[in-house]
Amino acid sequence: QVQLVESGGGLVQAGGSLRLSCAASERAFTMGWFRRPPGKEREFVAAITRAATNKHYADSVKGRFTISRDNAKNTVYLRMDDLKPEDTAVYFCAATADYTTPAVASVAYKYWGQGTQVTVST
């Protein structure tokens, strides 16, 4: 059982930056970030493989968000730049049990964090 704890959310003005962190209780395979905007379904944001050799981003965040991981710390990060009001959401960290590719579908992820709120003001 992999436990995940997110941190780093908060309130930021449009154009600003935030870095989310997700500490895992043990080294995981592919890890990802998802978000659930107000009144909408949860959506994929970014994923990274275990050795960080492959990454994948949603089109809506490509070029603005960067996913990375530090396996020595069992931590995955999401650097978010040029934030927009439409990025406002609860952000969730997730980990797969055995995926070696940057999975996009939420069903591929077995473990989930509790979520952290990101609010981008105009």
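The rules behind the values
- Residues numbered from 1 in each chain as written.
- Predicted model: local features only at pLDDT ≥ 70, side-chain atom pairs only at ≥ 80, totals over all residues.
- Heavy atoms only, no water.
- Salt bridge = Lys/Arg side-chain N within 4 Å of Asp/Glu carboxyl O.
- Helix = DSSP H or I, 4+ residues; strand = E, 2+ residues; numbered from the N terminus.
- Buried < 20%, exposed > 50% of the residue type's maximum accessible area, 1.4 Å probe, protein only.
- Phe/Tyr/Trp six-rings, centres within 6.5 Å; stacked < 30°, edge-to-face > 60°.
- Pairing = 2+ DSSP bridges.
- Axes fitted to C-alpha atoms, helices over the stretch in contact; angles between N-to-C directions.

Engineer: Please clarify how the pattern of salt bridges should be interpreted in this entry.
Structural biologist: Opposite charge on two side chains lets them pair, provided their charged atoms get close. Applying the stated criterion to the full structure yields five salt bridges. One salt bridge in this structure joins aspartate 87 and arginine 35, with 2.9 Å as the shortest N-O distance. Placement of aspartate 87 in the loop between strand E8 (75–80) and strand E9 (89–96) and of arginine 35 in strand E4 (residues 31–36) is noted, with a sequence separation of 52 residues between them. We classify arginine 35 as buried; its relative accessible area is 4%. Lysine 62 is the partner of aspartate 59 in a salt bridge, and the nearest nitrogen-oxygen pair spans 3.1 Å. Classification of lysine 62 by relative accessible area gives partly exposed; the value is 47%. The structure contains a network of salt bridges with shared partners spanning Arg35, Glu43, Arg64 and Asp87.

Engineer: Can you help me understand the packing of aromatic side chains in this one?
Structural biologist: The description of two aromatic rings rests on the distance between their centres and on the angle between their planes. Evaluation of the coordinates by the stated rule reveals four aromatic pairs. With a centroid separation of 5.1 Å and 80 degrees between ring planes, the pair formed by phenylalanine 34 and tyrosine 109 is classed as edge-to-face. Of the two residues, phenylalanine 34 sits in strand E4 while tyrosine 109 sits in strand E10 (residues 109–112), which places them 75 residues apart along the sequence. Every member of this aromatic cluster is reached through a ring pair, and the members are Phe34, Phe44, Tyr109 and Trp112.

Engineer: Looking at this structure, how should I read the sheet that holds E8?
Structural biologist: The pairing of strands in a sheet happens through backbone hydrogen bonds and is either parallel or antiparallel. Judged by pairing direction, the sheet is antiparallel, and its four strands sit side by side in the order E1-E3-E8-E7 without closing on themselves. Looking at strand neighbours, the two that pair on one side only are strand E1 (4–7) and strand E7 (65–70), the edges of this open sheet. Each strand axis lies, on average, 15 degrees off the axis of its neighbour in the sheet, ignoring direction. Note that E1 and strand E3 (residues 18–24) share four bridges and pair antiparallel. Considered in E3, the bridge of leucine 4 is made with alanine 24.

Engineer: I tried to follow the environment of lysine 40 on my own but got confused; where do I start?
Structural biologist: In this structure, lysine 40 sits in the loop between E4 and strand E5 (43–48). Linking lysine 40 and alanine 89, residues 49 residues apart in sequence, is a C-alpha distance of 9.3 Å.

Engineer: Can you walk me through unusual backbone geometry in this structure?
Structural biologist: A negative phi angle characterises most non-glycine residues, just as the trans form characterises most peptide bonds. With phi around 50 degrees, asparagine 74 is a residue other than glycine that occupies positive phi space. Within the element layout of this structure, asparagine 74 appears in the loop between E7 and E8. One non-glycine residue with positive phi stands out, namely aspartate 82, at about 50 degrees. Along the polypeptide, aspartate 82 turns up in the loop between E8 and E9.

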